[in-house]
Amino acid sequence: MSRLSASLRRLLRVWQRNLTVYRRNWKISFLPPLLEPFFYFLAFGLGFGGMVGEVPLGEGSVSYLAFLAPAIIAISVMGNAFYENTYASFVRMYYQKTFDAMLATPLSLAEVISGEILWGATKAVLATALMLPVITLFGLLRTPESLLLLPLALLGGLAFGALGMLFTAVVPTIETFNLPVFLFITPMFLFSGTFFPLENLPHWAQLLALSLPLTHLVQAARALSFSRWDESLLWGVAYLCLFTAIVFPLAVSRMHRRLIR
């Protein structure tokens, strides 16, 4: 147990290092989570939402803005964690040589990578915490039920942070990140039940969407937002836990192959 606690303390040092850097630039970093909901609501909610009206959800229906709000949070979780552990982690690894410097200390590679992924998840939680009051002002979330979105953001952040780190372990150059973004992130952004119900898709496309992690994060976020304690929440959390349990150690293993030769 003492060895585990010591490893956890060293892992948190990596997290603390990134937090220290973040605090120097917080005035820039906190703006996107505050402004992003306004842009989405103006573009899709007020413009497109007036054409859509009510959207079926479960046994009832909700306004399009209410349907959209949890998806915006899920998209933010995905983006903050994934981009932090791809572009930002790659810069620290390849250009700034931060990983090399940390590995020259008693830190192990697993602790460095775990600390990086934890930081990516933390950024997802911070973004969610900033977005919640803004979306609540629109009357689209209920307090205190909406606070349950914070632990969900942590889980989703770990999942997408680990996925981002896995790509960081295999891409040869920073420009290559355009491929996973175009082939993986963009389709999830569009077809994971974010802007329209999955039922609008053909059956084969629904099955494909259900294999994507953002789909389950969106469904779980909607379930928590509307206090629907049903199978969509259970399956969403279970999927994200399983996804993280598989991808997290795989990312550490692939980073070990890349950095320790």
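Preceding this section is the structure that the text describes.
Residues numbered from 1 in each chain as written. Predicted model: local features only at pLDDT ≥ 70, side-chain atom pairs only at ≥ 80, totals over all residues. Heavy atoms only, no water.

### Comments concerning the pairing of strand E1 (residues 54-57)
No. 1: Burial along E1 is one-sided: Val 55 and Leu 57 are buried, and none of Glu 54 and Pro 56, which face the opposite way, are.
No. 2: The sheet contact formed by E1 and strand E2 (residues 60-63) spans 4 bridges and is antiparallel. Looking across to E2, one finds that Glu 54 is bridged to Ser 63.
No. 3: The hairpin turn running from E1 into E2, its antiparallel successor, is 2 residues long, and Gly 58 in that turn takes a positive phi close to 65°. (Buried < 20%, exposed > 50% of the residue type's maximum accessible area, 1.4 Å probe, protein only. Helix = DSSP H or I, 4+ residues; strand = E, 2+ residues; numbered from the N terminus. Pairing = 2+ DSSP bridges.)

### Here's the deal with the packing of helix H4 (residues 64-95) against helix H10 (residues 213-225)
No. 1: Across the interface, H4 lies against H10 with an axial gap of 8 Å and an inter-helix angle of 135°. Taken together, the axes of H4 and H10 are oblique relative to one another. Considering the relative orientation of H4 and H10, their crossing is right-handed. Judged by residue contacts, Phe 67, Pro 70, Ala 71, Ala 74, Ile 75, Val 77 and Met 78 of H4 engage Leu 214, Leu 217, Val 218, Ala 221, Arg 222 and Ser 225 from H10.
No. 2: In terms of residue class, the contact of H4 with H10 is built from 11 nonpolar, 1 polar and 1 charged. (Axes fitted to C-alpha atoms, helices over the stretch in contact; angles between N-to-C directions. Parallel < 35°, antiparallel > 145°, perpendicular 65-115°, else oblique. Left-handed = near helix turned anticlockwise from the far one by under 90°. Contact = heavy atoms within 4.5 Å. Nonpolar A, V, L, I, M, F, W, Y, C, P; charged D, E, K, R; others polar.)

### Some remarks on the packing of aromatic side chains
Each pair of aromatic rings is reported with the distance of its centres and the angle of its planes.
No. 1: According to the stated counting rule, one finds 14 aromatic pairs in the structure shown.
No. 2: Residues Tyr 83 and Tyr 87 carry aromatic rings whose centres are separated by 6.0 Å and whose planes lie at 20° to one another, so their mutual orientation is stacked. A residue pair is termed a helical-turn pair when its members lie 3 or 4 positions apart in one helix, as Tyr 83 and Tyr 87 do in helix H4 at 4 residues.
No. 3: Its relative accessible area of 33% is what places Tyr 83 among the partly exposed residues.
No. 4: The exposure class assigned to Tyr 87 is partly exposed, which follows from its relative accessible area of 26%. (Phe/Tyr/Trp six-rings, centres within 6.5 Å; stacked < 30°, edge-to-face > 60°.)

### Here we look at a nonpolar patch on the surface
No. 1: On the surface, a cluster of nonpolar side chains totalling about 710 Å² of accessible area is made up of Leu 31, Leu 35, Phe 38, Phe 39, Leu 42, Leu 137 and Phe 138.
No. 2: When residues in the nonpolar patch are grouped by element, the largest group, 5 residues, is from helix H3 (residues 31-52).
No. 3: Checked against the element boundaries, Leu 137 lands in helix H6 (residues 109-137).
No. 4: Under the relative-accessibility criterion, Leu 137 is labelled exposed at 75%. (Patch = residues over 30% accessible without salt bridge, like charges linked within 9 Å, V, L, I, M, F, W, Y side chains within 5 Å. Areas by Shrake-Rupley, 256 points an atom, 1.4 Å probe, with all protein chains shown as cover. Salt bridge = Lys/Arg side-chain N within 4 Å of Asp/Glu carboxyl O.)

### Overview of the environment of Gln 16
No. 1: Among the secondary structure elements, Gln 16 is positioned in helix H1 (residues 2-24).
No. 2: Through-space distance from the C-alpha of Gln 16 to that of Trp 119 is 8.5 Å; in sequence the pair is 103 residues apart.
No. 3: Of the polar contacts made by the side chain of Gln 16, one reaches the side chain of Arg 13; its length is 2.8 Å. (Polar contact = N/O pair within 3.5 Å; in protein donor to acceptor, adjacent residues only side chain to side chain.)

### Quick word on unusual backbone geometry
No. 1: With a phi close to 60°, Lys 97 is a non-glycine residue in the positive phi region.
No. 2: In this structure, Lys 97 sits in the loop between H4 and helix H5 (98-103).
No. 3: Positioned with a positive phi, Ser 227 is a non-glycine residue whose angle comes to about 55°.
No. 4: Classification of Ser 227 by relative accessible area gives partly exposed; the value is 26%.

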